[in-house]
Amino acid sequence: QVQLVESGGGLVQAGGSLRLSCVASGRTFSSNAMGWFRQAPGKEREFVAAISRSGRSTLYADSVKGRFTISRDNAKNTVYLQMNSLKPEDTAVYYCAARGVYSATSSARSSEYNYWGQGTQVTVSS
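Residues numbered from 1 in each chain as written. Predicted model: local features only at pLDDT ≥ 70, side-chain atom pairs only at ≥ 80, totals over all residues. Heavy atoms only, no water.

Trainee: Explain the state of the cysteines to me, and be specific about the residues and the numbers.
Mentor: By the definition in use, this model includes 1 disulfide. In this model Cys 22 forms its disulfide with Cys 96; the gap between the sulfur atoms is 2.1 Å. As the torsion about the S-S bond is roughly -80°, the Cys 22-Cys 96 disulfide counts as left-handed. Of this pair, Cys 22 sits in strand β3 (residues 18–24) while Cys 96 sits in strand β9 (residues 92–98), and the two are 74 residues apart along the sequence. (Disulfide = S-S within 2.5 Å. Helix = DSSP H or I, 4+ residues; strand = E, 2+ residues; numbered from the N terminus.)

As structure tokens, then:
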């Protein structure tokens, strides 16, 4: 089993930056490809970014490409989402997710993730 806990959300002005962290429990973190998703009130959950098991491959939604960076530190059992040049439309609850141990590649499909964190709120003011 993989347990995920997100942190780092908060209130920031447009144009500012935040770094989200997701800490995974257990001994299997290095075996899981990871992703970030977000959901605003009344909206469906959408893909943000993903990273392969090795960390060598990444995927980004078009809406965040060039502004957000996903990374991982397997020694710390942690995946990060660095968010720069934030916009009000980035406001949402951000969720960390993990794929199964047999899936090493990054994916933009929420159905391909087996484990989810509780979410952390990000609010961007204008």
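Trainee: So what about the packing of aromatic side chains? Which residues, and what values?
Mentor: Scanning the entire structure with this criterion turns up 4 aromatic pairs. A ring pair is formed by Phe 37 and Phe 47, whose centres lie 5.7 Å apart and whose planes are at 70°; its orientation type is edge-to-face. Of the two residues, Phe 37 sits in strand β4 (residues 34–39) while Phe 47 sits in strand β5 (residues 46–51), which places them 10 residues apart along the sequence. Both residues of the pair, Phe 37 and Phe 47, belong to the buried class. An aromatic cluster of three or more residues is present, and its members are Phe 37, Phe 47, Tyr 113 and Trp 116. When the ring centre of Tyr 95 is taken as origin, the NZ or CZ atom of Arg 45, which lies over that ring, is 4.5 Å away. Note that Arg 45 overlies the ring of Trp 116, its terminal NZ or CZ placed 4.4 Å from the centroid. (Phe/Tyr/Trp six-rings, centres within 6.5 Å; stacked < 30°, edge-to-face > 60°. Buried < 20%, exposed > 50% of the residue type's maximum accessible area, 1.4 Å probe, protein only. Lys NZ or Arg CZ within 6 Å of the ring centre and 35° of its normal.)

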